[in-house]
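The residues making up each chain are set out below.
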Amino acid sequence: MASSKLLRVVLQTSVRRSYCSPPGQPSAVFRPRRALLFVAGNDEKKIRKVPTLDVDCVVLDCEDAVALSKKDEARTTVRRMLEEVDFGRTECAVRINSVDSGLADDDLSAILQAKKLPSAILLPKVESVEEMQTFAASLNDAVAGIESNPTFDLFALLESAKGLMNLQPILQETVSLSDMSPFRLAALCFGSEDFAADIGASRTSDATELIYARQMVVLAAKAFGLQAFDYVSVDYKDTESLRRQAEEGARFGFTGKSVIHPFQVPIVQQAFSPSPERVVWARGLIQAFQQHQQEGKAVFVYEGRMVDTPILLMAQSIVQFAAALEK
Amino acid sequence: MASSKLLRVVLQTSVRRSYCSPPGQPSAVFRPRRALLFVAGNDEKKIRKVPTLDVDCVVLDCEDAVALSKKDEARTTVRRMLEEVDFGRTECAVRINSVDSGLADDDLSAILQAKKLPSAILLPKVESVEEMQTFAASLNDAVAGIESNPTFDLFALLESAKGLMNLQPILQETVSLSDMSPFRLAALCFGSEDFAADIGASRTSDATELIYARQMVVLAAKAFGLQAFDYVSVDYKDTESLRRQAEEGARFGFTGKSVIHPFQVPIVQQAFSPSPERVVWARGLIQAFQQHQQEGKAVFVYEGRMVDTPILLMAQSIVQFAAALEK
Amino acid sequence: MASSKLLRVVLQTSVRRSYCSPPGQPSAVFRPRRALLFVAGNDEKKIRKVPTLDVDCVVLDCEDAVALSKKDEARTTVRRMLEEVDFGRTECAVRINSVDSGLADDDLSAILQAKKLPSAILLPKVESVEEMQTFAASLNDAVAGIESNPTFDLFALLESAKGLMNLQPILQETVSLSDMSPFRLAALCFGSEDFAADIGASRTSDATELIYARQMVVLAAKAFGLQAFDYVSVDYKDTESLRRQAEEGARFGFTGKSVIHPFQVPIVQQAFSPSPERVVWARGLIQAFQQHQQEGKAVFVYEGRMVDTPILLMAQSIVQFAAALEK
């Protein structure tokens, strides 16, 4: 009994840790977001192709992919696409403009009039606690007239030195704001190009210049129970680099990666999926753990490696993630 | 005179920096803890072998190495082993269960009844300021009846995203709690497997995925005058990787490394010892510095390298550590 | 119109980000400080050679390069050199002794009596908020009698675990102190040898042991709008390593590097300069951006790479830095 109780504790802990439900929302369902495909919000043709791409999440972009003269067109198109297109298994997120741009209010009020709402909002250029307060107020205003009482998953995009310097207070405030606002913080995204430009770094293929920032984002995300999305690989024709970069991101603990071209989707989604062999290994390890636990042993050797609780937790994550992908 | 005064200042500074005495305890003796061997607290046979292993420190484990159904057995065994076994030059630490587990109080009250006490307590899964407050209260209760007024070295094990996010306030509070509690914070340990599972990282042999966390732990430890213990290399049969990983840990500034198998002890202890050539180099440099200082030169070239105060400090640490090992 | 407005915003943002003017001093001119050559303050012969070295910045050192018995001599020499030597295009900074040393007041009062003042002060061993307060008070005292009302650029040298642990509060306090003091915080320097000695790390040629600290310093510098100076490569005869280390520093976002030998100046200054090809690439990209922006496209492909705002920002920095070097 005692041992099965420990296993239950372990399994519950595993769910709490690996899945992205923030405190107070234990029932939120885990969503695979291995690839987030950014598409310009005013590019109707590309948006209509999304359902054929088998991508976990599309981000309809009203920000950097849209020129200032096209912002209104993008808002209208995004709203119409949300209503008209059946995205199938693909989750729909919208990237609005940053709070500082002065355009976020118009983005929200236009897009949230759609009869079908996006499930997530991506807020770019997050740099300060005050911005998050302004965003929460704007979102509260924008949903005031909506009968369905929607709640959006929030993806916070970090892409500046200031944003990373303020990361801990930003996260604390954002979690606290979500209690009285129609969003729950679900993920941190790291924006490498803007960040590199901001700190004056040169981007390289192995991204050594970003290792501190990327691992800080993973650490902060996981400390707050969030998903973490790695940077866009901009040389979209270099699939070999993309594969390597995506696999490294997965090893670092990122749960997905932003992409800008349909070519990138299958490569990235594969890199962030556990291999079949890994799933078999994880299932076997869990079984062996249960068996040894019943015999009163906590530590044992499985396929040549010492196993205790932390390795069990990793195995649990792999099995649960694989199950979520099969749905 | 002036120059010998500077040298004296330099030497004192060196002692203060390199040794692990926290503020207010300048007389605490430096303890080599190059390898910390974890042994299950209920494995009497393995514990009785420890004195033959020539290991700097053994950690009698009541936590992850002990199944829930065996916790009582482990407490009793640990207490008896402390009393019965002559560990010789090997320091004895005990890993209790985490504050969150609800088992720490029972661990402390059972083990601290031993007639021979451990010199150090290792507290796992440290994540918050509140936990440290609870631990301090528990320890104060547990020692209430002990006549010898013992003080324990505390090793704090960091193995989660949350623990690292809160590291600075945790350390400030722990140092402050130690003023009125029977412990002094002596070291930080980094737990790689639990940490990797917590952030969803995959462990690799070169540990790139941990570089941010490991270097953060070293930085925080040294800022608070503490020792720092690097991760367990779990593939205990791969001695070549172990040697490489241990040597990297030493280069990063860790002062020791956790191990789980007797095979690992000599390799790790060697990696965390200065080589004889290095000690000769350091002694020569110190002599040359003294000579140049008397001649009024602060900067000079020693074996092809510019030497000033920081390099002298490093040389001092090497010589003092070597001396401590010879005791 | 709208698109040219965005471009204007982008250009202004770029200036604000890339240049080192702290808030409230938007008119401060950008100063290339690719190499900072440290010369002992009492070595008149070496100081008189500086104008022939074509170095961006010389640091006349009263600290580690000067033995305690020579401090007075160094102060007098530095003051006389400032008055007598025409340093031409080379900026003059002075490294005083640390606040903790008790020597900083005498350094400031002696040196600031010079008829020609240094443009920058380098404060070493910065570790705490209190130190910065003491420094600000000392500097206010030292300039009390100076008619010209000088303001000095302040370079803060970080070279200990404690300094990095306290970096954020130190920077906040220093920026706030600069409002009522005759300095503006202009740069952070990273001191690798002292730092490595402080944390017990061994220095290696590829500096893996410093990656966390160095990238933290860049991040903090850029978050506060400051320049960042990378570590001294002490093996001054190994020019190939120096070139590699300097190029890595530039890629990481450092804007310059400390050097201790004239040999190092041209290598370092080249590493921190954009190549002619890079400047041509950047100019072409900016032109292409302007053209596409007028056509209402925000994202386009330039020389095989997706271009949006962040890459434009990088191109802007390169062109502006190249222009500053040609002055």
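It should be emphasised that the depicted structure is a prediction, and the values quoted were computed from it without experimental measurement.

The rules we used
Residues numbered from 1 in each chain as written. Chains lettered and ligands numbered in written order. Predicted model: local features only at pLDDT ≥ 70, side-chain atom pairs only at ≥ 80, totals over all residues. Heavy atoms only, no water. Least-squares fit on C-alpha atoms with pLDDT ≥ 70 in both. Contact = heavy atoms within 4.5 Å. Helix = DSSP H or I, 4+ residues; strand = E, 2+ residues; numbered from the N terminus. Buried < 20%, exposed > 50% of the residue type's maximum accessible area, 1.4 Å probe, protein only. Pairing = 2+ DSSP bridges. Right-handed = clockwise from strand over helix to strand, strands pointing away. Buried area = accessible area lost by both parts, 1.4 Å probe. Salt bridge = Lys/Arg side-chain N within 4 Å of Asp/Glu carboxyl O. Polar contact = N/O pair within 3.5 Å; in protein donor to acceptor, adjacent residues only side chain to side chain. Axes fitted to C-alpha atoms, helices over the stretch in contact; angles between N-to-C directions. Parallel < 35°, antiparallel > 145°, perpendicular 65-115°, else oblique. Left-handed = near helix turned anticlockwise from the far one by under 90°. Nonpolar A, V, L, I, M, F, W, Y, C, P; charged D, E, K, R; others polar. UniProt positions renumbered as here; feature names shortened; annotations may be inferred. Phe/Tyr/Trp six-rings, centres within 6.5 Å; stacked < 30°, edge-to-face > 60°. Lys NZ or Arg CZ within 6 Å of the ring centre and 35° of its normal.

Okay, the relation of the copies chain A and chain C next. Expressed as a screw transformation, the operator carrying chain A onto chain C has a rotation angle of 120 degrees and an axial translation of 0.0 Å, and the superposed copies differ by an RMSD of 0.0 Å. A rotation of that kind, with that shift, is consistent with a three-fold axis. For chain A, the smallest separation between a C-alpha atom and the rotation axis is recorded for tyrosine 212 of chain A, amounting to 3.5 Å. Comparing interface residues between copies, only 9% of those in chain A also lie at the interface in chain C; the contact surfaces differ.

Quick look at the environment of alanine 282 of chain B now. Residues and elements named next belong to chain B. With respect to the helices, strands and loops of the structure, alanine 282 is situated in helix α12 (residues 276–294). Alanine 282 gets classed as buried once you look at its relative accessible area, which sits at 0%. In this structure, the C-alpha to C-alpha distance between alanine 282 and isoleucine 311, residues 29 residues apart in sequence, is 9.2 Å. The residues contacting alanine 282, other than those within four sequence positions of it, are Ala315, Ile318 and Val319.

Looking now at the pairing of strand β7 (residues 227–230) of chain B. Residues and elements named next belong to chain B. Where burial is concerned, the two faces of β7 agree: the one with Gln227 and Phe229 and the one with Ala228 and Asp230 are both buried. Both strand β6 (residues 183–190) and β7 contribute to a ladder of 3 bridges, which runs parallel. Among the inter-strand pairings, cysteine 189 is bridged to a residue of β7, identified as phenylalanine 229. Two elements, β7 and strand β8 (residues 256–259), share 2 bridges in a ladder whose sense is parallel. For phenylalanine 229, the partnering residue across the bridge sits in β8 and is glycine 256. Regarding topology, helix α10 (residues 239–252) serves as the crossover connection from β7 to the parallel β8, and that connection is right-handed.

Taken residue by residue, the interface counts 34 residues in chain C and 33 residues in chain B. Of all residues in chain C, Leu68, Met165 and Tyr212 of chain C bury the most surface against chain B, accounting for 25% of the area lost on that side. Applying the counting rule to chain C against chain B returns 0 salt bridges. Inspection of the region where chain C meets chain B yields 5 residue pairs in polar contact (both at pLDDT 80 or more).

At 3.6 residues per turn, the α-helix brings residues three or four places apart onto the same side. Residue and element names in this part refer to chain A. The buried fraction of helix α11 (residues 264–271) is high, at 6 of 8 residues. Of all the residues in α11, the buried ones are Gln264, Val265, Ile267, Val268, Gln269 and Ala271. Buried-residue contacts for α11 involve β1 (35–40), α10 (239–252) and β8 (256–259).

Per the stated rule, a full pass over the model turns up 77 salt bridges over all chains. A salt bridge links arginine 95 of chain A to aspartate 61 of chain A, with the shortest nitrogen-to-oxygen separation between them at 2.8 Å. With arginine 95 of chain A in strand β3 (residues 91–95) and aspartate 61 of chain A in strand β2 (residues 57–61), this residue pair connects regions lying 34 residues apart in the sequence. Summarising the burial analysis for this pair, arginine 95 of chain A and aspartate 61 of chain A share the class buried. Between arginine 80 of chain C and glutamate 84 of chain C there is a salt bridge; the shortest N-O distance is 3.7 Å. Here arginine 80 of chain C and its partner glutamate 84 of chain C are both found in helix α3 (residues 71–84), 4 residues apart, which amounts to about one turn of the helix. Connected via shared salt-bridge partners are Asp61, Glu63, Asp64, Arg95, Lys125, Glu159 and Asp194 of chain A.

Moving on, we get to the packing of helix α3 (residues 71–84) of chain B against helix α4 (residues 104–111) of chain B. Residues and elements named next belong to chain B. The geometry of α3 relative to α4 is characterised by a closest axis approach of 9 Å and an angle of 30 degrees between their N-to-C directions. If you check the angle between α3 and α4, you find them roughly parallel. Two packed elements cross with a definite hand, and for α3 against α4 that hand is right-handed. Residues Arg75, Val78, Arg79 and Leu82 of α3 pack against Asp106, Asp107, Ala110 and Ile111 of α4. Classifying every residue of the contact of α3 with α4 by side-chain character gives 4 nonpolar, no polar and 4 charged.

To continue, consider the interface of chain A and chain C. Counting residues at the interface gives 33 residues for chain A, matched by 33 residues for chain C. Interface of chain A and chain C: buried area, both sides summed, is about 2,900 Å²; carbon and sulfur atoms make up 64% of it. Counting the contacts that link chain A with chain C gives 0 salt bridges. Taken together, the links from chain A to chain C amount to 5 residue pairs in polar contact (both at pLDDT 80 or more). Taken together, the elements giving at least two residues each to the side of chain A that touches chain C come down to α6 (161–165), α8 (192–199) and α9 (211–223) of chain A. Counting residues per element, the side of chain A that touches chain C draws most heavily on α8 of chain A, which supplies 7 residues. Of the residues assigned to the side of chain A that touches chain C, the class counts are 19 nonpolar, 6 polar and 8 charged.

What follows deals with the side chain of aspartate 56 of chain C. Take aspartate 56 of chain C: it is sitting in the loop between α2 (44–49) and β2 (57–61). A polar contact of 2.7 Å, which involves the side chain of aspartate 56 of chain C, links it to the side chain of arginine 34 of chain C.

Residue and element names in this part refer to chain A. Residues annotated by UniProt as "binding site: substrate" (unreviewed entry) correspond here to Arg95 and Glu159. Over a stretch of 65 residues, the named residues converge on one spot in the fold, their C-alpha atoms separated by at most 14.1 Å. Apart from residues no more than four positions distant in its own chain, arginine 95 is found in contact with Phe38, Val59, Leu60, Asp61, Cys62, Glu63, Asp64, Ala65, Leu122, Pro124 and Leu157. Checked against the element boundaries, glutamate 159 lands in the loop between β5 (152–158) and α6. Contacts of glutamate 159, omitting those with residues within four sequence positions, involve Pro124, Lys125, Gly191, Asp194, Phe195 and Asp198. Within the structure, glutamate 159 has its side chain in polar contact with the backbone nitrogen of lysine 125 (distance 2.8 Å).

For the pair chain C and chain B, the superposition axis carries a translation of 0.0 Å, the fit reaches an RMSD of 0.0 Å, and the rotation angle comes to 120 degrees. When the interface residues of chain C are mapped onto chain B, a mere 9% of them again lie at the interface, so each copy presents a different face.

Here the structure, examined in full by the defined rule, presents 15 aromatic pairs over all chains. Taken together, a centroid distance of 5.3 Å and an interplanar angle of 85 degrees make the contact between phenylalanine 155 of chain B and phenylalanine 229 of chain B edge-to-face. Of the two residues, phenylalanine 155 of chain B is situated in strand β5 (residues 152–158) and phenylalanine 229 of chain B in strand β7; the sequence distance between them amounts to 74 residues. Through a chain of ring-to-ring contacts, three or more aromatic side chains come together here, namely Tyr212 of chain A, Tyr212 of chain B together with Tyr212 of chain C. Between arginine 278 of chain A and the ring centre of tryptophan 281 of chain A, over which it is positioned, the NZ or CZ distance is 4.5 Å. Arginine 203 of chain B extends its terminal NZ or CZ atom over the ring of tyrosine 231 of chain B, reaching a point 4.8 Å from the ring centre.

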